[in-house]
Each structure stands twice: as C-alpha cells, then as structure tokens.
Amino acid sequence: MATDTVTPTPHATGKPTEARHATAETASRTTVKVRALSREFDGRGVLHDINFDIRDGEFVALLGRSGSGKSTLLRILARLDDEYTGTVQAPKRPAVAFQDSRLLPWKKVLANVMLGLPTRGVDGTETRARAEEMLAEVGLTDHAKAWPKTLSGGEAQRASLARALVRRPELLLMDEPFGALDALTRLRMHQLLRTLRQRHRPALLLVTHDIDEAILLADRVLVLTDGVLSLDLDIPFPVVGRRRRPGFTELRDRLLEELGVADDDR
Amino acid sequence: MVTIDEALVPGTDDRFARKRRKRNGKSATALIAQRAAGPVALLLAWWIVSATGLISERILPTPVAVFEAGANLIGNGELATHLLASAQRAGTGLFFGVIVGVLLALVTGLSRVGERLIDPNLQMLRAMPILALMPLAIVWLGIGETMKVSLVALGVMFPIYLNTHAAIRGADARFLDLAATAGLNKLQLIRHVTIPGALPGFFTGLRFSVAIAWLVLVVAEQTNATSGIGYLMTRARGLSQIDVIMVGLLVYAVLGLASDALVRIIERKVLSWRLTR
Ligand SMILES: Nc1ncnc2c1ncn2[C@@H]1O[C@H](COP(=O)(O)OP(=O)(O)OP(=O)(O)O)[C@@H](O)[C@H]1O
Ligand SMILES: [Mg+2]
C-alpha cells in the first residue's frame, strides 16, 4: 500500500467505496456506513447524497471549507441529529471530542473524564484507574482535582480528549479538536493521538481545517464541498515520516486545489 | 485613567479573578474608609439636628437615646424574644417557600406538560402584589402563625420559582449534547447537568427571596401579632416610643444585611467552581 507515488482516487458522489477497500484489505469490517445521506435546514440543503464507509480502526480526515457541512455530518454520526434522509450505520455510542473542550465547569477534571461511566463498586474502581491513567497520558495528572475553569485552553482540550478516549470507543469523532492549540501542543497531541490509536484502534473521523494535519495523521481524506463529498482519497504513506515522503507536496497541492485555495508559497 | 486591572474584561478569564482581587487589597483600608464616610456623615447630621433641638426629640430622638433604648431592650431580654419570634417565622416561611418553589421549577423545567399546566398560572399570580393577599389570607387562615408563615412562604416562592425555572430552561444546549454523547440517562442528566447548571439561577432567586421574606414579615407582624420585631414597633407606636421604633428599624436593616451576607457565603461555597472570589 505504501507506494511512493501519489495515486489520487477521487470518487464521484454516490459511488460506493467498498471495491477499493476490498482490494486494500480484504475481509475488513466497516464501523460506519453512510448511504444517500442528505440533510436540510428549513428547506436549505446542507448535505447532499453523501456516501462513504469507515472501516474498523481506520483514520479518516474530513476536510472542507467553513460552512460546507462537516459539523452537521459529524453530529449525525454522533446521533445528536436524526432529521436526515438516507441510511447511517454507526456504533451506538461513539465518543465525541468537540471543538470547544466542553468540560462541565461544576465538575473537577477527573469527574469530567469519568462522566457517564460507573463511579461505584468494582467497575468504578476500574474506570477511575483508567481515567487517571488517561489523564497521565495527556499530561494532566496534576490537574485531576482542578476545576475546569483553572485550565488553559490546551489543557482543557487535552482533558476533553482524555474523556473521549477513556470510553474505549469503537468510533471516535473529533470536530477540530486541535484548532485552538498552539503549534507545539498540537504536535504533542498528534503524537498522543498516534500512540493512543495504536493501543486502542478506534475508527476515527477527524474534522480539520489543517491539510498537513490530515495528511500526517489519516489513512484517508474526505473533502466536503458545499455539502457534497467531492473527494475520497487514500493516503499512500506509511505511518511515520510522512512529511519527508516524495509525493507529500503533490498530495498537499491536490487537496488545496480541491478546497479552492492556491498556495503561493510553493 | 484606565488601569490594567480595569482593562481586563471581567469574566473572560476567571483564572485571574483572585489575583485581581489581591492587588486591589492594597488599598482596602482606603476603600473601607470611603465607604464608611457616607453613613458616618449621616449619623453626625442626625446627632446635630436632634441634640441641638432643631428637630424635637418627640419626632427624632438623639442617637444616644436610640442606643439606650436598644441597650434597654437587650438588657431585659425583650429584643431577643421578639427577634427569635420573627426569625422563626421568616425561617419557616423561607423553608417551605424554597421547597415549593424548587419543586415547581423542577416540574415545569423538566416537563413540557408540567410547564404548560403550571407556568401560566404562576406567571399570572406573580403579577399580584403579595401583600394585597393579606385580607384574604386572614379570612382563610386566621390571624395566627399559619397566616404569617404562609404569606412569607408564598412571597418567597415566586423569585425561587422564576429564577430556577429560567435557569433550567436556559440550560446550555452544548452540555445537553455532551450528556447525550456520554450516554447519560434522564436521571443522570438531571443530577450531573441540569441541577448544577441551574444552581446559579437558584441562588439569584434565593437572595431576592430573603429580602422578600423580611418585607412580608414586617407587614404581617404589624397586624394582630403578640410577638416579633413588627409587633414591638407597632406597640411602641401606640406608646409614642419613637426610640424603640428606630431600634426596630435598625434591627430590620441588620437582619436584611446579615441574611443576604449569609446567602452570599453559602453561594460562594456551593458555587466555588465559578472561581469568582
Ligand atoms: N441548526 C441549524 N439550523 C440552521 N442551519 C444550520 C444549523 N446547523 C448548521 N446549519 C447550516 O449548515 C451549514 C453547514 O454548517 P456546519 O456547521 O456543518 O459547517 P462546518 O463545515 O462545520 O463549518 P465550520 O468549518 O465553520 O465549522 C451552514 O451553512 C450552517 O449555517
Ligand atoms: Mg464545524
């Protein structure tokens, strides 16, 4: 799969993607299956006939300009919105990391991470240990007993990520979770995400504005343009050292072009 | 001149709230002096006009006379007796009013049917001045304790209900989404999201309620009471003891301030997560 040439395989909307995946990895199961998905707000179409799959453990990045419908799609997969047409198959309880950290201000950080999980008995002890471990992994051990309002933006975002991951979800949905972070923290979060992914292998959908982030992390990139899935592209690179791969820049340009942006700096 | 402290918009980053307060603490004595200047000047003016006989002592007794009357009432235990009677009424009324107000707010806040059935009635009732109900309350409940406590409870209930109801209804939709993705059931949602989120609204209501409790009590105690600060003042009026009336007024003022401060302290404890120290 790791070829050194970029082989973009754009798919027209509506065309199933299974055939391609079947050749890439036979007998893999799908975590998410979306068919003919459309969503309107007050008669205005926001998503039009969306079709795609996410396989078990696959990392898919979703790119798209502001207002293209990314969050709308993510909310539907998260089962927060059921007023759509078409069919959506997704795990019953995907974990979600929202764009804002969305920590409940009246719960300490550890309690936020454990929200909705058992807190009593044997299960409680187990989830508490797991939550503490997860906080350690995102570097927040010292803040476990802190109020969310005392956290910095990056710390809050990491707590939110810990809350999503401690559930060991089959599917993890992330809506621009690193948007508000500085470049250094962002790199640390990327590293963290890679590590955690290797350990838990959830299927992952990451909404992002950052093309580099998409290419560096994902197995596959989807581009949403005005509510239409205009590009569905495998990233033909091995997990590490992507930036130095020949073909990286071409792929980057291809995506920029798809998003309607020209990079003057090339 | 805009100092850096003022330029920080309050509430944008609560983490700095405490530091800001600390730096202001340097000039705390000066601030207290400024705040005290007004009342001290008023007291002085009172003393001058009454002691010089500019206003007759039968209309405005001197501060010393009022102080002596107060000391006398404390000495013979009368003040304590009446204070206790008043505090008991206020406390009981507050207790029941808060419970009923919170229960109604929960019903109307958590169920649309409950809201449609109950809320319009309460919105209509609240337009009525509570003290206008006194004649009716006397006919229905008599002139005893039940009437007084019920009136206080009714007066207390409205601010609690209105503020708590609005807080529950105004719950942050983002947190409701979060609760759904975290898989909280209805009860967990109420416990972990709805109620903590509505607490600030509840406390706003509680502070109004405490003020209203005293207000209703003042009036209720002036009709057919045999105990309480209000009774003490009514009796003094009959005996033309203006100094005692003024002692009563001061006691009410102190009670109002003290109970408000108490609620604030509790609020700060319970809502410590807001970090607005
Ligand atoms: N509840 C709603 N009611 C009406 N219109 C909505 C609603 N939610 C989203 N929309 C509209 O749907 C379109 C897509 O919104 P969405 O939030 O999915 O965009 P997005 O791709 O996530 O954008 P961004 O990158 O800026 O977050 C927008 O035009 C938005 O105005
Ligand atoms: Mg969005």
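Structure shown above.
Let me sum up the structure you'll find in this document. (Residues numbered from 1 in each chain as written. Chains lettered and ligands numbered in written order. Predicted model: local features only at pLDDT ≥ 70, side-chain atom pairs only at ≥ 80, totals over all residues. Heavy atoms only, no water.)

What about the pattern of salt bridges?
Then, number 1: Per the counting criterion, the structure on display carries 26 salt bridges over all chains.
Then, number 2: Here B:Glu221 ties to B:Arg89 by a salt bridge, and the two come within 2.6 Å at their closest N and O atoms. Of the two residues, B:Glu221 sits in helix α10 (residues 186-221) while B:Arg89 sits in helix α5 (residues 78-110), which places them 132 residues apart along the sequence.
Then, number 3: Looking at B:Glu221, the relative accessible area reads 1%, which means it is buried.
Then, number 4: Of the residues examined, B:Arg89 reaches a relative accessible area of 3% and is grouped as buried.
Then, number 5: Through salt bridges with shared partners, a single network forms among A:Arg55, A:Glu58, A:Arg220 and A:Asp232. (Salt bridge = Lys/Arg side-chain N within 4 Å of Asp/Glu carboxyl O. Helix = DSSP H or I, 4+ residues; strand = E, 2+ residues; numbered from the N terminus. Buried < 20%, exposed > 50% of the residue type's maximum accessible area, 1.4 Å probe, protein only.)

Let's talk about the site of ligand 1
Residues and elements named next belong to chain A.
Then, number 1: If you check the shell around ligand 1, you find 13 residues, and the closest are Ser 66, Gly 67, Lys 70, Ser 71 and Thr 72.
Then, number 2: Within the contact set of ligand 1, an oxygen atom lies 3.0 Å away from a side-chain nitrogen or oxygen of Arg 44.
Then, number 3: In the model, an oxygen atom of ligand 1 is placed 2.5 Å from a nitrogen or oxygen of the Ser 66 side chain.
Then, number 4: Coverage of ligand 1 by the protein chains reaches 62% of its 640 Å² of free accessible surface.
Then, number 5: The set of elements that each furnish at least two residues to the shell around ligand 1 consists of β2 (44-55) and α2 (70-77).
Then, number 6: At three residues, the largest contribution of residues to the shell around ligand 1 is made by α2.
Then, number 7: Looking at the shell around ligand 1 residue by residue, the classes come out as two nonpolar, seven polar and four charged. (Near = heavy atom within 4 Å. Polar contact = N/O pair within 3.5 Å; in protein donor to acceptor, adjacent residues only side chain to side chain. Areas by Shrake-Rupley, 256 points an atom, 1.4 Å probe, with all protein chains shown as cover. Nonpolar A, V, L, I, M, F, W, Y, C, P; charged D, E, K, R; others polar.)

Considerations on the environment of A:Ala129
Then, number 1: Along the chain, the position of A:Ala129 falls in helix α4 (residues 121-137).
Then, number 2: Along the sequence, A:Ala129 and A:Arg163 sit 34 residues apart, while their C-alpha atoms lie 13 Å from each other.

Notes on the packing of helix α6 (residues 112-125) of chain B against helix α8 (residues 145-169) of chain B
Two quantities define a packed helix pair, namely the angle between the helix axes and the distance between the axes.
Residues and elements named next belong to chain B.
Then, number 1: Following both chains from N to C, one finds α6 and α8 inclined at 140°, their axes separated by 12 Å at the closest point. Judged on the interaxial angle alone, α8 and α6 are oblique. Of the two possible hands of crossing, α6 and α8 adopt the one that is left-handed. Facing α6, whose interface residues are Arg 112, Glu 115, Asp 119, Leu 122, Gln 123 and Leu 125, α8 presents Met 157, Phe 158, Tyr 161, Leu 162, His 165 and Arg 169.
Then, number 2: Grouping the constituent residues of the contact of α6 with α8 by class yields six nonpolar, two polar and four charged. (Axes fitted to C-alpha atoms, helices over the stretch in contact; angles between N-to-C directions. Parallel < 35°, antiparallel > 145°, perpendicular 65-115°, else oblique. Left-handed = near helix turned anticlockwise from the far one by under 90°. Contact = heavy atoms within 4.5 Å.)

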